[in-house]
Amino acid sequence: MRIAVGGIHTECSTYSPVLMSVEDFRVLRGEELLGDKYFSFLAADDVKHVPLLHARAVPGGPVSRPAYEALKAEFLEGLKAAVPLDGLYLAMHGAIKIDGMDDAEGDWISSARAAIGPDCPIAVSCDLHGNVSQQIIDQIDIFAAYRTAPHIDTRETMVRAWAMLVDALRTDTRPGVAWAPVPLLLPGERTSTEDEPARRLYGRLPDFDTRHGVLDANLMVGYVWADEPRATACAIVTGSDKEAALKAVEEIAASYWDARENFRFGPVTGTLEAMLDFAEGATTKPIILADSGDNPTGGGVGDRSDVMKALLARGWQDALIAGIADRPAVEACFAAGEGATPALRIGGSLDPSSAAVEAAARVVRLDDPGSLAERQAVVEVDGITVVLSARRRPYHNIEDFRRLGLDPKAVRLLVVKSGYLSPELAPIANPNLMALTDGVVNQAIETLASERRQRPIFPFDRDFDFTPKARLSARWT
């Protein structure tokens, strides 16, 4: 059996003015794809994998059309050269926005289907924060999505999709996909699977998998910061029996709709000033404050200095801010050298509307991995330590800090650009606070411009009724 492997994976806020380019993606080609940690499961005695191209980027603004077309063209060139194939596995996200295009994943998958023909099954894995369309559903045979947020089952989900494809080829069977859109869009921070009611809803999905005719059950929260027609939650089932799949899809969709009023933020949440008041009164550490509106892993720009400005105004001491994306400031630090005190403008280097701070900053540490885009600088301003990065990136892993000689557990206040905390930071938070800050992934979603979404949709609209109606993929009718 010959199974080709590839895909494209990122998440795009349509409210961000910062377009992503090819340079923002980590692109795996050929054999290096098979050696990647996420794809290392691709091994079976009777399967020859044909690795093509997989492009993955930290979430951000829309992807430029030339960047997308270049990546797609390279992928399709390899795919066409690999035909004939027995199967195709695509590791996708589901919330990519291409400048001038509404359904990038639908375009990518449809182009792949045209290249391989109607008889070759396609299996797809996605982030639960993806937006699915009928175009996508009509091109595929197998679907699996993450069941955790924060995402700790990325690789496991990929295995689910791949394993269903391998099993279908071995048994000469053809699964199908059913789905039901749900007119409901909530941010991931209010639908974390560590909190109720999402914990219960996602905890039930494996039970559906045990039903006759159901292979894999999924609940997609969708991506709320994409103002586009396909933005919606949905239930999706891969099955071997149409009636069983349709029934399961409608049950999952109804359970999510029925719980719509019960979703809440998990951590203590409030305005930035309220959260700083709370932090000032706390006697424990490390207090971890999530700067939610500028979270790069949700599509935020990552260059805002609102929290830094507020801490300086309060004369706060013993705080670590990790980090602020500002390549000009990083380059100024490298030009000045460690121990120097250059005058910096921190923030607002990518989005002109982002808050900035002008200050003399002592350069504490410089980190140069060898690429200008990967450089980092640690500076100190009036008792506050700030990590500056040359590119947009999160600081969600302990190793991110260790590399810079920093200990996140030792400071009184750690500020990270995040929504819900990562699995490595959450256990050390004492306590965990989330500030409803400004940015292109602002949590005040009801105030977002909503010009292209299908309406009505909760919570933008509330006075309407909904009954789930399952649909089959065109390949399964």
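Keep in mind it's a predicted model, so treat the numbers as computed, not measured.

Conventions used here
Residues numbered from 1 in each chain as written. Predicted model: local features only at pLDDT ≥ 70, side-chain atom pairs only at ≥ 80, totals over all residues. Heavy atoms only, no water. Pairing = 2+ DSSP bridges. Helix = DSSP H or I, 4+ residues; strand = E, 2+ residues; numbered from the N terminus. Axes fitted to C-alpha atoms, helices over the stretch in contact; angles between N-to-C directions. Contact = heavy atoms within 4.5 Å. Core = buried A, V, L, I, M, F, W, Y, C linked by side-chain atoms within 4.5 Å. Buried < 20%, exposed > 50% of the residue type's maximum accessible area, 1.4 Å probe, protein only.

Some remarks on the sheet that holds strand S3 (residues 48-57)
- One open sheet accounts for six strands, arranged S2-S3-S1-S4-S5-S6; its pairing is mixed. Looking at which strands have only one partner, the edges of the open sheet turn out to be strand S2 (25-29) and strand S6 (142-145). Each adjacent strand pair in this sheet contributes to an overall mean axis angle of 10°, direction not counted.
- Across seven bridges, the pairing between strand S1 (residues 2-9) and S3 is parallel. Its bridge partner lying in S3, Val-5 is registered against Pro-51.
- Against the sheet, helix H2 (residues 65-82) touches S1, S2, S3 and strand S4 (87-91), its axis set at about 175° to S3.

Let's talk about the nonpolar core
- With 50 residues, the main nonpolar core has Val-182, Val-237, Ile-252 and Tyr-256 as its most contacted residues.
- For this core, the secondary-structure elements that each account for two or more residues are strand S7 (176-182), helix H6 (198-203), helix H7 (205-209), strand S8 (214-220), strand S9 (233-239) and helix H8 (242-258).
- It is H8 that contributes the most residues to this core, nine residues altogether.
- If you look at the next biggest cluster of nonpolar residues, it comprises 47 residues, including Leu-76, Ile-98, Val-132 and Ala-145.

Quick look at the sheet that holds strand S17 (residues 384-389)
- If you trace the eight strands from one edge of the open sheet to the other, you get S10-S19-S11-S18-S12-S17-S16-S15, paired in mixed fashion. Unpaired on one side and paired on the other, strand S10 (268-270) and strand S15 (362-367) mark the two borders of the sheet. In this sheet, adjacent strand axes meet at a mean angle of 20° when their direction is disregarded.
- Bridge count for strand S16 (residues 376-381) against S17 is six bridges, and the pairing is antiparallel. Considered in S17, the bridge of Gln-376 is made with Ser-389.
- This element, helix H9 (residues 272-281), spans S10, strand S11 (287-291), strand S18 (413-416) and strand S19 (432-435) of the sheet and lies at about 155° to S19.
- Contacting S11, strand S12 (319-325), S16, S17 and S18, helix H10 (residues 306-314) runs over the sheet at an angle of about 150° to S12.

Here we look at the environment of Leu-414
- Residue placement: Leu-414 occurs in strand S18.
- For Leu-414 and Val-214, which are 200 residues apart along the polypeptide, the C-alpha to C-alpha distance reads 45 Å.
- Leave out the neighbours within four places in its chain, and Leu-414 touches Ile-287, Ile-288, Leu-289, Leu-320, Phe-401, Pro-408 and Leu-425.

A few points about the pairing of S4
- Extensive coverage of S4 is indicated by the burial of five of its five residues.
- Relative to S4, S1 runs parallel, the two being bridged by four bridges. Each residue of the ladder has a partner; that of Ile-3, found in S4, is Gly-87.
- Bridging between S4 and strand S5 (residues 122-126) involves four bridges; their strand directions are parallel. Opposite Tyr-89, over in S5, you have Ala-123 as the bridge partner.

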